[in-house]
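Listed below are the residues making up each chain.
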Amino acid sequence: MKKFDYLIVGSGLFGATFAYRATKSGKKCLVIDKRPQLGGNVYCEKIEGINVHKYGAHIFHTSNKYVWDFVNSFVEFNRYTNSPIANYKGKLYNLPFNMNTFYQMWGVTTPAEAKAKIEEQKAEALAALNGREPTNLEEQALVLVGKDIFEKLIKEYTEKQWGRDCKNLPAFIINRLPVRMAFDNNYFNDKYQGIPIGGYNKLIEGLLEGVDCKMETDFFKEYKDSWRNDAEKLVYSGAIDEYFDYKYGKLDWRSVYFKTNILDCSNYQGNAVVNYTSRDYSYTRIIEHKHFEMFGSAVYDCPKTVVSEEYPVEYKEGMEPYYPVNNEKNNALADKYRLLALQEKNVIFGGRLGLYQYFDMAPIIEYVLNMKM
Ligand code: FAD
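Notes on the structure follow. Keep in mind the model is a prediction, meaning the values are calculated, not measured.

Along the protein, the regular secondary structure elements total 14 helices and 16 strands. Taking 21 Å as the expected radius of gyration for a compact globule of 373 residues, we find that the protein reaches 22 Å, a close match to that expectation. Overall size of the protein, expressed as C-alpha extent along the three principal axes, is 70 × 55 × 35 Å. Out of the 373 residues belonging to the protein, those deemed buried represent 53%. For the protein, the accessible surface area stands at approximately 18300 Å², while carbon and sulfur atoms represent 49% of it. Computed over 48 positive and 48 negative side-chain charges, the inter-centroid distance for the protein is 3 Å.

Pasting the structure below:
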């Protein structure tokens, strides 16, 4: 008889939700993580009484009531509504593109006026294409929203994100650019959104309550060769190419460098998320973490604030792999690894690293809730 039914590699939302479900159904689990803390990318570090999203700002949103009720059974979520601001050369615009943005951009005050302006600019872009299809992101965006929105709110921001000119990025990256003909700054269309009151760590603690966990434990150093002695099955949410020792080569990732500062003021930018859409600043966004969980006078009851500038970077050894680069080359390579994964006996691959696929938090939880145990 082995010590564990499951050895679970990774304590992010994939691993933690899996551990919760397995434990509930009477299985014995050991969760390991190479980081010094649990929670994967949703981990929050408390600084000056503020929950700082150490691995990037995380806003929970879903239309799935089952998932919403599930997460709220561990921790209550607040009413945070994501409504980012864009700063283009000192002028502010509301996001997502909506009537407030169009008023700020052109002074139009009705949906009909805004529509006419966008249609006029889209027509110019279509005429320039002369009947051919858009071949790159720049042409695609111009056809979808016209030149003013593209130049002030998309072009330089996207180029900073990807480290490449929009003319050299594929058109498929943006299939749709929704414009909202209402004065509505709510970024997400989902029915439910919010931040766990007290931070994401409470959600992770709830999921992992009563589960054996070991931190600072790298699967490859401590368990790769021996796990079958201790556990019936392996649940692996680390990087899929690393599992196979990069046999076919390395998958590409985009990473982000966060420069976090504690400031001696209560309210730095008045909003959790401000996007810097011009090249004048090399960061793409500044996150002011307290606005995720403090509202009204509570912002001023806390005398300091913590802000993180986000600098997108090409992934290199030693960095955090954040976003899969789903181009043709990487998709083909990932498919080869996925084929190998299917042949691994008693190993379940999952999560963003294990599947080489970007997932928001709610879909990753939904994925695990739908898995057969
Ligand atoms: P992770 O959270 O990455 O967990 C994987 C864990 O595996 C890590 O803790 C890692 O240390 C561990 N691990 C890896 N290799 C090993 C090994 N060899 N040995 C031991 N442990 C190992 N989603 C939203 O819904 N809203 C958002 O606003 C949002 N913002 C995001 C911002 C950023 C910058 C990023 C990158 C993602 C964002 N997401 C957001 C997505 C969200 O982070 C993911 O859905 C979620 O983290 C996926 O969980 P996971 O368990 O698959 O991966």
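A separate point is the side chain of Asn136. Here Asn136 lies in the loop between α4 (111-129) and α5 (137-145). Within the local environment of Asn136, its side chain forms a polar contact with the backbone nitrogen of Glu138, the two atoms lying 3.1 Å apart. Of the polar contacts made by the side chain of Asn136, one reaches the backbone nitrogen of Glu139; its length is 2.9 Å. Every residue in contact with Asn136, bar those within four places of it in the chain, is listed here: Cys166, Lys167, Leu169, Pro170 and Ala171.

So, on to the sheet that holds strand β6 (residues 85-88). Spatial strand order, β7-β6-β12-β13-β14-β11-β15: seven strands in an open sheet with mixed pairing. The open sheet has two edge strands with one neighbour each: β7 (91-94) and β15 (323-324). Relative to strand β13 (residues 285-288), strand β12 (residues 273-276) runs antiparallel, the two being bridged by three bridges. Bridge pairing in β13 links Asn275 to Arg285. Packing against the sheet, helix α6 (residues 147-162) makes contact with β6, β7, β11 (253-263), β12, β13 and β14 (305-314), and its axis sits at approximately 90° to β6.

Examined against the element boundaries, Ile365 turns out to sit in helix α14 (residues 361-369). The sequence separation of Ile365 and Val71 amounts to 294 residues, and the corresponding C-alpha distance is 8.9 Å.

Looking now at the environment of Leu137. With respect to the secondary-structure elements, Leu137 resides in helix α5. The exposure class assigned to Leu137 is buried, which follows from its relative accessible area of 1%. Distance from Leu137 to Glu159, taken between C-alpha atoms, is 10 Å for residues 22 residues apart in sequence. Look past the residues within four positions of Leu137 in its chain and what remains in contact with it is Thr158, Cys166, Leu169, Pro170, Ala171, Ile173 and Ile174.

Time to look at the site of the ligand. Residues in close proximity to the ligand total 29 residues, the closest being Asp33, His58, Arg352, Phe359 and Met361. Between the ligand and the protein, one listed contact pairs an oxygen atom with a backbone N or O atom of Asn41 at 2.9 Å. Between the ligand and His58 there is a distance of 2.6 Å, counted from an oxygen atom to a side-chain nitrogen or oxygen. A total of 1000 Å² of accessible area belongs to the ligand in isolation, and the protein chains cover 96% of it. Those elements giving two or more residues to the shell around the ligand turn out to be α1 (13-24), α8 (219-222), α13 (351-355) and α14. When grouped by side-chain class, the residues that make up the shell around the ligand number 14 nonpolar, nine polar and six charged.

Judged by nonpolar contacts, the single largest core of 45 residues is most densely connected at Leu13, Phe60, Phe292 and Ile365. If you list the elements that add at least two residues to this core, you get β1 (4-9), α1, β2 (29-32), α2 (65-72), α7 (200-207) and α14. When neighbours within four sequence positions are excluded, Leu13 is seen to be in contact with Val42, Leu203, Ile204, Leu207, Met361, Ile364 and Ile365.

This model, assessed by the stated rule, comprises 32 aromatic pairs. With 5.3 Å between their ring centres and 90° between their planes, Tyr187 and Phe188 make a pair best called edge-to-face. A centroid spacing of 5.4 Å and a plane angle of 50° characterise the contact between Tyr248 and Tyr337, whose relative ring orientation is tilted. Here Tyr248, found in the loop between α10 (240-243) and β11, pairs with Tyr337, found in helix α12 (residues 328-343); they are 89 residues apart in sequence, far enough to count as distant. Tyr337 gets classed as buried once you look at its relative accessible area, which sits at 0%. Cluster of aromatic residues (ring-pair linked, three or more members): Phe219, Phe220, Tyr236, Tyr243, Phe244, Tyr248, Tyr337 and Phe349. Over the face of the ring belonging to Phe295 we find Arg79, whose NZ or CZ atom lies 4.1 Å from the ring centre. We note Lys224 situated over the ring of Tyr243; from NZ or CZ to the ring centre the distance is 4.0 Å.

Procedures and definitions
Residues numbered from 1 in each chain as written. Predicted model: local features only at pLDDT ≥ 70, side-chain atom pairs only at ≥ 80, totals over all residues. Heavy atoms only, no water. Helix = DSSP H or I, 4+ residues; strand = E, 2+ residues; numbered from the N terminus. Rg over C-alpha atoms; globule rule 2.2 N^0.38 Å. Buried < 20%, exposed > 50% of the residue type's maximum accessible area, 1.4 Å probe, protein only. Areas by Shrake-Rupley, 256 points an atom, 1.4 Å probe, with all protein chains shown as cover. Lys, Arg positive; Asp, Glu negative; His and termini not counted. Charge placed at Lys NZ, Arg CZ, Asp CG, Glu CD. Polar contact = N/O pair within 3.5 Å; in protein donor to acceptor, adjacent residues only side chain to side chain. Contact = heavy atoms within 4.5 Å. Pairing = 2+ DSSP bridges. Axes fitted to C-alpha atoms, helices over the stretch in contact; angles between N-to-C directions. Near = heavy atom within 4 Å. Nonpolar A, V, L, I, M, F, W, Y, C, P; charged D, E, K, R; others polar. Core = buried A, V, L, I, M, F, W, Y, C linked by side-chain atoms within 4.5 Å. Phe/Tyr/Trp six-rings, centres within 6.5 Å; stacked < 30°, edge-to-face > 60°. Lys NZ or Arg CZ within 6 Å of the ring centre and 35° of its normal.

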